[in-house]
Every structure is written in C-alpha cells, then in structure tokens.
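# Notes for the structure review
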Amino acid sequence: MKIQEIRELIRLIDQSSIDEFVYEQDGTKVHMKKAAAEAPVQAVVAAPPAEPIAKPEAEEAKPQVQAPVQAANVQVETIPQEAPKPKTENTENLHKITSPMVGTFYAAPSPDAPPYVKVGDKVQKDTVVCIIEAMKLFNEIEAEVNGEIVEVLVQNGQLVEYGQPLFLVKPE
C-alpha cells in the first residue's frame, strides 16, 4: 500500500462519522481509530518486511503533494511472520509428506466437506491426504506410506512451497 493511499484513507476516515476502520491485504494491515469525537485519526500500518527501494535522484527532486499531516498520527510497524514449527519433538522416525509443487493447501475436497485426514487417522500409500491447487488445477496428494497421521503442519488455505512438509506420518 502506498503512502498516498494511506494518507487518502486517513483523510476520508477523518471526515467521516466512522470511529474505527480496519483494512488487510497481502500481509499488510491498516487499523485506524479515532481517539475522540473531534480528535484526528490515528493509524497503525503493519506490513511484512520489505527490502528498501532506492529512488532515482530525479524522482527525489520532484515536488510531492502532501496530505495534511497534522491531521493524523501514523505509525508504521513491521510484524515478522514466523513459520509454524512442528509440535512433535522427535521427527527422526516420522515420514514427511511434502508438497510436490507451489500452490494452495486444501485439507478437504470442498469447504463444507470434512478433511481428508486428521491426526490419528490410519493411511495407506494411495490414501488422498489433501489437495494442492496450482494455476486453477486441483492436484490430489497421496500419503506415499502406510501409517498414522501424527501431525498436520499447514493450515487450510495456506500457500505452500515446493518440498514443504505438509504432514508427519508414523510409518507402520
């Protein structure tokens, strides 16, 4: 989200009768709250860590239109996003079912259906354990081993990477 867009949001919220506003997109969260009825808007913007972008000198010399800064107090926070760590301590004897592609993990065939597998379920080599959606294609992922599901390492709807562990299975 660009600073001009944030300033415009602050101006619009400040002029409206809205007391609180929350907007979230692509890991960026904007939360604005008026402190009192006539007080200026306070905004908190949380964004994923990003590399600083060097501006060309010509761009820095351009005059920029600025929103009235005195009307808002803007704070920018960076919230680190940590990958979930496996809860199981001893994973040496467990088989990891990994993602064969980059895509979106789905635990069930449809939103209203029960998940394919859950912790404690027995699986066979050809048991479908989840679906990975990539480019509008739904790919069924099989267990690859006979055993028992010990842990589900990802959440439904989460983006997964190639080779990312999805399940831990105790082989039979």
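Residues numbered from 1 in each chain as written. Predicted model: local features only at pLDDT ≥ 70, side-chain atom pairs only at ≥ 80, totals over all residues. Heavy atoms only, no water.

With that settled, consider the overall build of the chain. Counting secondary structure elements, the chain contains 2 helices and 12 strands. When the elements of the chain are put in sequence order from the N terminus, they spell out α-β-β-β-α-β-β-β-β-β-β-β-β-β. By residue count, 26% of the 172 residues in the chain fall in the buried class. Long-range pairs, those at least 24 residues apart, make up 56% of the contacts in the chain between residues at least 6 apart in sequence. Accessible surface computed for the chain: about 12,300 Å², of which carbon and sulfur atoms make up 53%. (Helix = DSSP H or I, 4+ residues; strand = E, 2+ residues; numbered from the N terminus. Buried < 20%, exposed > 50% of the residue type's maximum accessible area, 1.4 Å probe, protein only. Contact = heavy atoms within 4.5 Å. Areas by Shrake-Rupley, 256 points an atom, 1.4 Å probe, with all protein chains shown as cover.)

In space, the 4 strands of this open sheet follow the order 9-8-6-11, with antiparallel pairing throughout. The strands lining the two open edges of the sheet, one partner per strand, are strand 9 (137–142) and strand 11 (159–160). Pairing of strand 8 (residues 128–134) with strand 9, which is carried by 6 bridges, proceeds in the antiparallel orientation. Directly across from Cys 130, in strand 9, lies its bridge partner Ile 141. (Pairing = 2+ DSSP bridges.)

It is worth spelling out the environment of Pro 114 at this point. Mapped onto the elements of the fold, Pro 114 is located in the loop between strand 6 (103–106) and strand 7 (122–123). Excluding its chain neighbours within four sequence positions, the residues that come into contact with Pro 114 are Ala 108 and Pro 109.

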